[in-house]
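# Observations on the three-dimensional arrangement
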Amino acid sequence: MVYYTVSGIRFPCAPSLYKSQLTSFHGGRRTSSGLSFLLKKELFPRKIFAGKSSYESDSSNLTVSASEKVLVPDDQIDGSSSSTYQLETTGTVLEESQVLGDAESLVMEDDKNVEEDEVKKESVPLHETISIGKSESKPRSIPPPGSGQRIYDIDPSLAGFRQHLDYRYSQYKRLREEIDKYEGGLDAFSRGFEKFGFLRSETGITYREWAPGATWAALIGDFNNWNPNADVMTRNEFGVWEIFLPNNADGSPPIPHGSRVKIRMDTPSGIKDSIPAWIKFSVQAPGEIPYNAIYYDPPKEEKYVFKHPQPKRPKSLRIYESHVGMSSTEPIINTYANFRDDMLPRIKKLGYNAVQIMAIQEHSYYASFGYHVTNFFAPSSRFGTPDDLKSLIDKAHELGLLVLMDVVHSHASNNTLDGLNMFDGTDSHYFHSGSRGHHWLWDSRLFNYGSWEVLRFLLSNARWWLEEYRFDGFRFDGVTSMMYTHHGLQVAFTGNYNEYFGYATDVDAVIYLMLVNDMIHGLFPEAVTIGEDVSGKPTFCIPVEDGGVGFDYRLHMAIADKWIEILKKRDEDWKMGDIVHTLTNRRWLEKCVAYAESHDQALVGDKTIAFWLMDKDMYDFMARDRPSTPLIDRGIALHKMIRLITMGLGGEGYLNFMGNEFGHPEWIDFPRGDRHLPNGKVIPGNNHSYDKCRRRFDLGDADYLRYHGMQEFDQAMQHLEEAYGFMTSEHQYISRKDEGDRIIVFERGNLVFVFNFHWTNSYSDYRVGCFKSGKYKIVLDSDDGLFGGFNRLSHDAEHFTFDGWYDNRPRSFMVYAPSRTAVVYALVEDEENEAKNEVESEVKPASG
């Protein structure tokens with residue numbers, strides 16, 4: 001018998017539960033019965049009846065099981081009362097004839113046999129714990145589904161896949177109708193955190209958990225000396241366990257703030273102690289492997305109160321991708337407080353308008369980069385407390401920065417002690433059972449998006465972070481893995497539409513993405529959603545009402561891959577047309593966030609662009625008072641050009657991973673020990689070193705190093721976009737892709753970009769086409785000495801246009817294009833108008 005010790009007490013546990021806590025991390029990436037039980041504050045009890053229906057399918061690759069429809073009363077929240085119901089959906093297939101059947105009728109009656117004292121125990125969450133600082137005065141609502149037909153107008157090629165797409169939309173509409181009917185709408189359905197987990201009321205604490213596989217459950221913790229017989233929970237017929245703990249005699253809460261809690265269950269896999277699925281905070285004690293759930297409910301005077309309003313969504317996103325833990329220059333785990341005080345002002349100064357934070361959701365394995373989530377509602381305790389995180393976000397809002405969260409709904413950690421895996425002792429609780437529920441590369445569990453309670457859990461999770469912490473949106477991780485049963489592994493997407501709309505599509509997952517985007521955009525109109533999709537799925541960034549998946553942006557992941565491919569070639573083999581095609585290859589009306597490199601390229605097993613370009617020379621020749629090398633000169637020049645052309649042509653938003661703005665010289669390697677594989681092979685670790693799990697911002701700040709010039713150029717790029725808004729301009733025209741001269745010329749807005757990728761040739765009186773007439777001047781020059789260049793251009797020079805078609809443009813002007821430079825020209829009238837407006841705004845009397 002294996003024993004588990006907590007607070008000096010030994011509890012027996014099944015040996016199978018002691019699976020290693022070290023989840024797998026591969027390469028550059030990380031690698032059911034349904035029910036509802038919602039309690040309503042009524043003066044009389046209700047009796048619950050449920051009908052059942054079986055959803056049949058002849059698709060051999062989908063797991064089909066009976067579903068239960070459950071009618072249950074809802075809590076009365078904020079003075080509103082509505083009954084809440086549920087109906088679980090199962091896996092979907094593509095034939096329209098297999099649309100799920102109608103729900104059977106459900107009946108709810110008074111139950112005269114329920115004791116009156118049980119009614120008095122019912123817990124209604126206190127108003128102040130529902131959400132913090134709601135700033136919107138007008139009611140928010142989720143619009144009803146539209147026709148879903150506009151996608152065919154946007155992309156006529158989709159007409160050949162109408163059967164699949166119409167089926168997808170019909171399933172989405174059916175699900176919305178059932179949520180409206182049985183849950184009172186998507187708004188109510190996405191507030192599961194007000195029903196499950198720990199709910200504080202004026203009279204005590206109610207704890208509820210969905211664990212249909214368990215046959216016995218008890219709440220244990222510091223508050224009852226971990227006595228499994230002290231607070232045994234009751235189970236309803238649908239698998240929801242519940243217990244009410246009244247306040248102490250002195251009125252204090254029965255579970256003190258900060259104390260440890262767990263749920264002990266007798267399951268088909270044996271006795272196990274689990275962290276509650278809806279826990280809001282969990283910590284790992286020193287010297288211990290499993291985490292402990294923490295009842296987090298500080299006194300009112302200790303709770304963080306938001307002071308600053310959330311910024312409005314900017315027209316163009318400039319995202320600084322970051323990781324709190326590795327944001328220090330020292331080899332330590334940094335904190336939310338240090339990130340708030342040190343990093344946020346840096347990000348603001350650099351000119352970014354959004355910070356995207358990774359690894360927020362609690363994850364027991366630090367080296368998973370936050371992608372093996374164990375506790376979905378809990379912010380990582382490594383960096384501080386939930387209130388510390390709120391303080392960070394509030395400070396970002398004070399600076400005018402959006403805060404985006406890297407949310408992981410594509411998979412979950414396979415840990416059994418501190419995660420959702422085998423939570424109730426069954427393989428199919430939150431996840432698909434069998435091989436479909438396991439990601440063979442990431443060594444993680446895969447959600448069953450056809451389960452009603454999984455939908456509630458994930459939708460509520462997204463809403464929780466937006467409402468409780470005031471995040472301004474999400475970057476949804478691993479969306480490609482969600483949308484296809486092959487998870488995008490060992491599949492080369494060629495753009496053939498059959499790759500997107502066929503039996504490899506996980507329709508349930510796509511419908512979940514439609515639901516979560518609908519919920520977010522309806523209730524949080526300023527929120528931003530970005531999907532990480534490598535497949536380039538059509539309709540991905542089209543509104544749900546028009547038949548799309550509903551994301552605001554897609555990460556243009558092909559760009560980073562293309563740069564790595566190009567950097568492996570000689571300069572002579574670079575193709576201008578290939579670069580331009582990759583950067584502009586995106587769908588009409590579907591916005592993209594472009595990036596030359598993200599965290600993926602900085603991880604061990606890959607190399608950053610700077611390291612591809614300069615390699616070990618970065619360690620010896622980056623001091624400005626020492627001679628450079630041809631490799632360093634080439635690397636610094638191309639690093640600036642690659643970033644600018646990516647920003648200029650790649651999308652409607654831009655992303656940079658922290659440190660890459662100055663060409664960080666080292667990779668990211670999280671502290672890790674040796675891994676012993678089942679086959680006997682050992683993957684060596686780094687002796688748990690933090691040396692490569694940090695960012696050397698001191699290098700970028702040091703004006704005596706060449707890194708400083710690269711950082712200054714990145715800052716100039718961001719401020720150029722802020723001034724001219726070229727990323728979101730409707731005017732874009734590529735006038736030259738010259739393979740002989742190695743020149744690329746394009747217009748974006750009223751700017752003209754001239755790139756000379758030639759390694760030796762500089763061109764005098766080089767003619768470039770343009771659209772508007774007038775006088776142009778240089779507004780950004782990568783060859784400027786401030787940016788580590790050679791000052792070969794005069795910024796006082798004036799470039800006047802002359803009429804006459806050139807490169808298919810009605811006008812043109814002459815420039816000097818030095819080798820390996822990027823120069824941006826702007827109409828002088830634009831500058832004069834902007835200066836005039838600024839002066840007028842400064843002298844204009846304040847209103848009111």
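Higher on the page you've got the structure.
Criteria and cut-off values
Residues numbered from 1 in each chain as written. Predicted model: local features only at pLDDT ≥ 70, side-chain atom pairs only at ≥ 80, totals over all residues. Heavy atoms only, no water. Core = buried A, V, L, I, M, F, W, Y, C linked by side-chain atoms within 4.5 Å. Buried < 20%, exposed > 50% of the residue type's maximum accessible area, 1.4 Å probe, protein only. Helix = DSSP H or I, 4+ residues; strand = E, 2+ residues; numbered from the N terminus. Contact = heavy atoms within 4.5 Å. Salt bridge = Lys/Arg side-chain N within 4 Å of Asp/Glu carboxyl O. Pairing = 2+ DSSP bridges. Right-handed = clockwise from strand over helix to strand, strands pointing away. Axes fitted to C-alpha atoms, helices over the stretch in contact; angles between N-to-C directions. Expected span 1.5 Å × (residues − 1). Bend = angle between axes of the 7 residues up to and from the residue.

## Section: the nonpolar core
Counting 181 residues, the largest nonpolar core has Y430, F447, F471, W563, W574, I645 and F755 as its most contacted members. In terms of residues, this core owes the most to one element, helix α10 (residues 507-523), which gives 12 residues. The residues contacting F447, other than those within four sequence positions of it, are F376, H409, H411, A412, L420, Y430, F431, H432, V454 and L458. One finds F813, V815, Y825 and L827 within the second-largest nonpolar core, a separate group that totals 17 residues.

## Some points on the pattern of salt bridges
On inspection of all chains with the given rule, the structure shows 45 salt bridges. In this structure, the salt-bridge partner of E467 is R463, at a minimum N-O distance of 3.2 Å. With E467 and R463 both in helix α8 (residues 452-468) and four residues apart, this pair spans about one turn of that helix. Each member of the pair E467 and R463 is classed as buried. Ionic pairing is found between E532 and R475, a salt bridge with its closest N-O pair at 3.0 Å. Residue E532 is found in the loop between β25 (528-531) and β26 (553-555), and its partner R475 is found in strand β24 (residues 473-476); the two are separated by 57 residues along the sequence. Owing to a relative accessible area of 2%, R475 belongs among the buried residues under this scheme. Several salt bridges converge on common partners, so that one network encompasses D187, R191, E194, R463 and E467.

## As for the pairing of strand β17 (residues 317-323)
Among the seven residues in β17, seven count as buried, and that is most of the element. Every second residue of β17 is oriented toward a common face, with L317, I319, E321 and H323 on one face and R318, Y320 and S322 on the other, all of them buried. Judged from the five bridges that link them, β17 and strand β28 (residues 653-657) form a sheet pairing that is parallel. For L317, the partnering residue across the bridge sits in β28 and is G653. In the sheet, β17 pairs with strand β18 (residues 354-358) via five bridges, with the strands oriented parallel. Its bridge partner being in β18, S322 is matched across the sheet by I357. Following the chain from β17 across helix α6 (residues 336-350) to the adjacent parallel β18, one finds a crossover that is right-handed.

## Description of the sheet that holds strand β38 (residues 809-817)
One open sheet holds the three strands; their spatial order is β34-β38-β37, and the pairing between them is antiparallel. This sheet does not close on itself; its edge strands, each paired only once, are β34 (763-770) and β37 (802-806). In this sheet, adjacent strand axes meet at a mean angle of 55° when their direction is disregarded. Taken together, the six bridges between β34 and β38 define a ladder with antiparallel strand orientation. If you follow Y763 over to β38, its bridge partner there is A817.

## Re α6
Helix length check: α6, at 15 residues, gives a terminal C-alpha distance of 20 Å against a target of 21 Å (1.5 Å per residue), a fit within 8%. At M343, α6 is bent by approximately 35°, the largest bend along its length, and proline P345 sits one to four residues beyond. Along α6, the residues that are buried comprise Y336, F339, R340, M343, L344, R346, I347 and L350. Next to the buried residues of α6 lie β17, β18, β20 (375-379), α7 (386-398), α16 (697-701) and α17 (706-724). Where α6 terminates, the next one or two residues include G351, which has phi positive at roughly 105°.

## Considerations on the sheet that holds strand β36 (residues 799-800)
Either a parallel or an antiparallel arrangement is found when strands of a sheet pair, and the pairing is made through backbone hydrogen bonds. Read across the sheet, six strands follow the order β31-β32-β33-β39-β35-β36 without closing on themselves; strand pairing throughout is antiparallel. Bordering the open sheet on either side are β31 (732-738) and β36, each of which pairs with just one other strand. By the bridge criterion, six bridges tie β31 to strand β32 (residues 743-748) in an arrangement that is antiparallel. Pairing of D738 across the sheet is with I743, part of β32. Against the sheet, helix α15 (residues 630-649) contacts β31, β32, β33 (751-756), β35 (775-781) and β39 (821-827), and its axis sits at roughly 40° relative to β32. Set on the sheet, α17 makes contact with β33, β35 and β39; between it and β35 the angle comes to about 140°.

## Digging into the environment of V544
Mapped onto the fold, V544 is located in the loop between β25 and β26. Under the relative-accessibility criterion, V544 is labelled buried at 3%. V544 sits 31 residues away from L513 along the chain, and the two C-alpha atoms are 9.5 Å apart. Discounting residues that sit within four places of it in the chain, V544 has contacts with Y169, Y172, M514, N517, D518, V549 and G550.

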